[in-house]
Structure formats: structure tokens, C-alpha cells
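# Structure at a glance
The chain contents come next:
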Amino acid sequence: MIDEESIQGYQTPTPKVESVDGDHLSAFCGDDIPALGSAVAIESETEETCFAVVERHSGARRIDLWLPGAPDWIQTGTPIRPTHKPAGFARPQSESLTTGADLFRPLQQGDIILWPDAPKMMELDGKRPALGLGLDALDTLAPIARGGVNLIINAADDVELFSRLASRTLAQIEPATSLLATSSDVRPAPETKVFRIDPSASHYDNIAALQIVIALGAVLRHSGTSVALVDLPRLRQTGYEPPDLSAPAFGLPQIIDRLGRHLVSTTDGSITTILHLRIADELQGLSDIIETLHLGDVDSLIYIDSHGRFDPERSTSRADIDDATDSRRHNDLQTLSLARRAREKSAIFGEHDLDPAEKKALETVEALRPKL
């Protein structure tokens, strides 16, 4: 039973941080519950202030906050204050943008909103013409979709391979604006407006960079012709078992889908997005099954094997191609199928049992796997 003295001595809890876990904070906010995506001020005793963004309502008058690079002075009991304004950041004045606790603030005039809405279905531009990069096998069997979302899986773990493909893409499109969230050495034309974000090796910083990419997607959609080159979080071995890419906790499919909803072409502007997924050496076994996993909805998937070669059997594209290219693709797919059967036959009966068509297919198929 609660006695009268306890009731009289009760004090309403004040809004404050209740726990800190890296870039994620949980806080009590009382009845003044801020909206998702809004900025919440966190204030120190020395009058320092930084702003976190509301990422979830956790119930019982509590919220989950996100603040990349949260300073050490934020601890259990640090006061918070909802601003009831969307979180945003100042439009970059220079080419490079660095993530950190001092980046976010309540949205001001001219700012970029941190947590934008994805464009509506009626705003989307569904045209996906194939983009020729001058690589015959790739351009025929799995061309880059101009104005679409393209995923390059790099089992060679060689960043220079992506740099070469990205540079060819920029040269073909000549975008007015480029968004570079990649460690690759890619240099757009001097007249191109560039947003550059450093995708740090830190997991927390990498996720923060991707959120900034999503925020800048709203800018790109109103910037004419744009290209976005984005490094995804790198797959690494974290224990004795390989990571479960289908599990929500890992989040890679969700990351790709979310980027694909924001870095998308609309009637106001075309964005050609290329996502780059590197597979570390210790996960090479994963490369044998990765095409069976759901890695998000993309317009084209280009697979680079561990030897740095284009793998046509694991690559796909929904890009629009002309009749001549479609005819070449049909012939190439037949050659790949015949060569696959020839390899299986040779493994059982030996090469002497192969007929001339099968031997020719094995010779021809090498041209469909060029080293990039």
C-alpha cells in the first residue's frame, strides 16, 4: 500500500537521457512527446547543446534517439528538451560533408531535412534505358540502368574495379550533380556540383553517412541529371558463423531498399544510383550463395568474381535494351547454358566426349567473363 507521505513526496520525473549505447540513446520525455524525425536538444551543465533525432517511440512516455558521434558528456540523467521541429543540417558550403554530433540542428530556412519522405508513386519516372559503358559482355547481359538503382557486388574486394566502372558511368552521363559516398578515387568533371561524404570504416559513421545520403537524395531529385555512388557497409566475418543477410538485425536488405526508395528518379530529375558492396576475403565462401539471398530491390545487379571478372551468370538487369542487343543477349545466354552443360559433361566423361558445339561454347564463354 502507498502511504500518504510517499504520495506527497512524489516528484514528476524530468525529461532526461536514461541510457546511452553508442549512437543510440533512450530518454524519458514525459507527456511532451516529440514527432519522429524531430530534433531533441540535449543540454550539458556547461551549457553545451547538441541535437539528436527521434527515431522511435518506445512507449511509457519514452523515445529512442539517434546521434552519430555522441559526445562523452551525454550520460544517464542528462536533460533533454524537444524542439518540435524536424531535424536537419545546413546545406554544405564546400564539397565535403563530415558527419558528427555538431551536424544536426532544428530545421532552419534553407536547411536539408534529415528524415525526408520518399517520393510518392505518382512522382516516379519509370524509364530505365540501358547505359553503355563500352564493355560488350556487361552492356549486353547486365547493363547499368540509367536513372535506376544498380548494385555492384565486388567479391574481388578491389576498390579500383569499382572506380573504373564508376568513372565510365560519370563519363557517359555527364551529370550536373554527383553524390559521392565512396572511398573510391572518382573524379567528376570540373563543372559538376559535388557532394562528398566520407564513408568511414566505423560502422556507426558508415550508417550516419548513409542517412546523410538519403537526406541529400531529396536535393538530387531537383537537380536535373545526377549520379550517386555509394559504398554499402562492408560484409565481414563477425564470429564463427557467416552473417545472416536475411535477418532484420543485419539490415543490409533494408538499407538497400531504403536507399532505393530515396535515390530514385522522378519527373523532376534523373538519379543514376550505383551501390557498391565489397566482400572481404574471409567471407569468400559467402560469394558462392550470395545471389540466392534477398539484397533489396534493384534494377541491375553486376557481380564481379574474386578474380575481378564480370560474372554473367550471377548478374541481371531490367534495363531497357534495343532489339539488336536483345538478340545478342539471347545468343550469349544460350552459349552460357551450353558451356555450363559442357563443363558438367566433361567432369563426368572427360573432354574427349565433348562435341564441336560444346567445345566452341567453352572457348566463346571466356569472352563473356572479361576482367574488369
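Since the structure is predicted, the reported quantities are computational estimates derived from the model, not experimental observations.

## A short note on the overall build of the protein chain
Within the protein chain, the regular secondary structure consists of seven helices and 18 strands. Partitioning the contacts of the protein chain with sequence separation of at least 6, the portion at a separation of at least 24 is 67%. Surface summary for the protein chain: the accessible area is close to 18,900 Å², and the carbon and sulfur share equals 49%.

## Re unusual backbone geometry
Positive phi outside glycine occurs at Ala-60, with the angle close to 55°. For Ala-60, the location among the structural elements is in the loop between strand S4 (49-59) and strand S5 (62-66). By relative accessible area, Ala-60 is classed as exposed at 58%. The phi dihedral of His-84 is positive, around 60°, even though this residue is not glycine. Along the chain, His-84 turns up in strand S6 (residues 80-89). Since its relative accessible area comes to 45%, His-84 is described here as partly exposed.

## Section: the side chain of Thr-99
Within the secondary structure, Thr-99 is located in the loop between strand S7 (96-97) and strand S8 (105-106). Residue Thr-99 is classed as buried on the basis of its relative accessible area of 18%. Every residue in contact with Thr-99, bar those within four places of it in the chain, is listed here: Asp-205, Ala-208, Ala-209 and Ile-212.

## Quick notes on helix H3 (residues 159-173)
Given a rise of 1.5 Å per residue, 15 residues ought to cover 21 Å, and the 21 Å separating the end C-alpha atoms of H3 matches this to within 8%. Residues of H3 that are buried: Leu-161, Phe-162, Ser-163, Leu-165, Ala-166, Thr-169, Leu-170 and Ile-173. The backbone nitrogen of Glu-160 has a side-chain oxygen 3.0 Å away, supplied by the residue at the start of H3, namely Asp-158. Positive backbone phi, approximately 50°, marks Glu-174, located one or two places after H3.

## Describing the environment of His-24
Relative to the helices and strands, His-24 is located in strand S2 (residues 24-28). The spatial distance from the C-alpha of His-24 to the C-alpha of Trp-66 is 4.8 Å, given a sequence separation of 42 residues. The residues contacting His-24, other than those within four sequence positions of it, are Ser-19, Glu-55, Leu-65 and Trp-66. Looking at His-24, its side chain comes within polar contact range of the side chain of Glu-55, at 2.7 Å.

## Side note on the confidence of the model for the protein chain
Low pLDDT means the predicted coordinates in that region are not meant to be read closely. For the protein chain, the mean per-residue pLDDT works out to 84, and 84% of the residues sit at or above 70. Here helix H1 (residues 4-9) stands out as the element of the protein chain with the lowest mean pLDDT, 53, in contrast to strand S11 (residues 144-145), whose mean of 97 is the highest. Predicted confidence is poor over residues 237-250, with pLDDT under 50, and the contacts of this stretch with residues over four places away or in other chains come to 16 contacts.

## Looking at the pattern of salt bridges
Enumeration over the complete set of coordinates arrives at 14 salt bridges. Between Glu-18 and Arg-62 there is a salt bridge; the shortest N-O distance is 2.8 Å. With Glu-18 in strand S1 (residues 16-21) and Arg-62 in strand S5, this residue pair connects regions lying 44 residues apart in the sequence. Ionic pairing is found between Asp-311 and Arg-314, a salt bridge with its closest N-O pair at 3.7 Å. Each member of the pair, Asp-311 as well as Arg-314, carries the same accessibility label: buried.

## Brief notes about the pairing of S5
Extensive coverage of S5 is indicated by the burial of four of its five residues. For S2 and S5, the ladder comprises five bridges, and the chain directions are antiparallel. Pairing of Ser-26 across the sheet is with Asp-64, part of S5. Between S4 and the antiparallel strand that follows it, S5, lie two residues; Ala-60 among them carries a positive phi value of about 55°.

Calculation notes
- Residues numbered from 1 in each chain as written.
- Predicted model: local features only at pLDDT ≥ 70, side-chain atom pairs only at ≥ 80, totals over all residues.
- Heavy atoms only, no water.
- Helix = DSSP H or I, 4+ residues; strand = E, 2+ residues; numbered from the N terminus.
- Contact = heavy atoms within 4.5 Å.
- Areas by Shrake-Rupley, 256 points an atom, 1.4 Å probe, with all protein chains shown as cover.
- Buried < 20%, exposed > 50% of the residue type's maximum accessible area, 1.4 Å probe, protein only.
- Expected span 1.5 Å × (residues − 1).
- Polar contact = N/O pair within 3.5 Å; in protein donor to acceptor, adjacent residues only side chain to side chain.
- pLDDT = per-residue confidence, 0-100.
- Salt bridge = Lys/Arg side-chain N within 4 Å of Asp/Glu carboxyl O.
- Pairing = 2+ DSSP bridges.

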